[in-house]
Amino acid sequence: SIILKTSNSLESENKIIIYILLLGLLFKLGTVPFSYWLIRIYGDLEKKVLFYQLTIPKLVFFILLIKFLTLFYSEDSFIIYILYVLSILSIIIGGIGGTFQSKDNMLLSYSSILNIGFIILALSSLLISTPFSSLDWNLEENNRLWVIYQ
């Protein structure tokens with residue numbers, strides 16, 4: 001069985017497991033590389049089912065993503081940079097794709113991709129830029145980041 005080791009530095013086996021879990025969460029949220037199934041499925045749903053699918057499961061997966069990122073981002077900032085790229089691509093694809101839609105369901109699916117991009121961009125920039133984001137921050141890091149913001 002596969003068990004995540006709890007040590008200060010992530011080992012390569014743990015990084016692969018973490019990346020696979022992150023890809024699963026991003027797949028269920030519908031970010032850009034995984035959004036094409038979302039567009040096809042949401043295009044054929046009834047309105048009641050569509051509104052349910054756009055809200056409740058996404059909230060659950062965003063909570064899981066936030067918990068997941070707060071556990072592992074301080075040891076591996078590569079995850080945050082991947083999230084930056086995926087969120088910007090989601091914003092671009094969601095904005096361009098939603099511009100030319102005439103069906104309500106398709107417009108809502110592209111809008112969902114766009115909003116997911118904005119939320120993941122805000123989450124990843126919050127995690128990387130604030131001194132309160134790491135659990136072991138000290139006064140020197142806080143002063144260094146404060147000088148950057150001034």
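Look a little higher up for the structure.
Right, let's walk through the structure included here.

Rules used throughout
- Residues numbered from 1 in each chain as written.
- Predicted model: local features only at pLDDT ≥ 70, side-chain atom pairs only at ≥ 80, totals over all residues.
- Heavy atoms only, no water.
- Patch = residues over 30% accessible without salt bridge, like charges linked within 9 Å, V, L, I, M, F, W, Y side chains within 5 Å.
- Areas by Shrake-Rupley, 256 points an atom, 1.4 Å probe, with all protein chains shown as cover.
- Salt bridge = Lys/Arg side-chain N within 4 Å of Asp/Glu carboxyl O.
- Helix = DSSP H or I, 4+ residues; strand = E, 2+ residues; numbered from the N terminus.
- Buried < 20%, exposed > 50% of the residue type's maximum accessible area, 1.4 Å probe, protein only.
- Contact = heavy atoms within 4.5 Å.
- Phe/Tyr/Trp six-rings, centres within 6.5 Å; stacked < 30°, edge-to-face > 60°.
- 1 Å grid on protein atoms, 1.4 Å probe; cavity = no way out; pocket = protein on both sides within 12 Å on 5 of 7 lines; lining within 4 Å.
- Points joined across faces, edges and corners; volume = space filled by probe spheres on them.
- Nonpolar A, V, L, I, M, F, W, Y, C, P; charged D, E, K, R; others polar.

**With respect to a nonpolar patch on the surface**
Taken together, the side chains of Val85, Ile88, Leu89, Ile92, Ile96 and Phe100 make up a nonpolar region of the molecular surface, amounting to roughly 590 Å² of accessible area. Among the secondary structure elements, Phe100 is positioned in the loop between helix H4 (78-99) and helix H5 (104-129). For Phe100, a relative accessible area of 68% translates into the label exposed.

**Comments concerning the side chain of Ser109**
Within the element layout of this structure, Ser109 appears in helix H5. When neighbours within four sequence positions are excluded, Ser109 is seen to be in contact with Leu38, Ile39 and Tyr42.

**Some remarks on the packing of aromatic side chains**
For the structure on display, the rule yields 3 aromatic pairs. Summarising the aromatic geometry, the rings of Phe27 and Phe34 are spaced 5.8 Å apart at their centres and angled 70° between planes, so their arrangement reads as edge-to-face. Here Phe27 falls in the partly exposed class, since its relative accessible area comes to 36%. Ring centres of Phe27 and Trp37 lie 5.4 Å apart, and the angle between their planes is 25°; this geometry places the pair in the stacked category. Separated by 10 residues along the polypeptide, Phe27 in helix H1 (residues 12-29) and Trp37 in helix H2 (residues 36-43) bring together distant segments of the chain. By relative accessible area, which is 26% here, Trp37 ends up partly exposed.

**So, the layout of surface pockets**
Of the pockets and cavities examined, the second largest pocket occupies roughly 150 Å³. Lining the second largest pocket, in full, are Leu54, Thr55, Lys58, Leu59, Phe62, Leu108, Ser111, Ser112, Asn115, Ile116 and Ile119. Within the residue set of the lining of the second largest pocket, elements represented by two or more residues are helix H3 (47-72) and H5. If one sorts the elements of the lining of the second largest pocket by residue count, H5 sits on top with 6 residues. Across the lining of the second largest pocket, the residue classes break down as 6 nonpolar, 4 polar and 1 charged.

**Thoughts on the environment of Tyr110**
Within the secondary structure, Tyr110 is located in helix H5. You can call Tyr110 buried: its relative accessible area is 14%. Remark: the alpha-carbon pair of Tyr110 and Gly98, spanning 12 residues in sequence, is separated by 5.1 Å. Those residues in contact with Tyr110 that lie beyond four places of it in its chain are Ile39, Ile93, Gly94, Gly97, Gly98 and Gln101.

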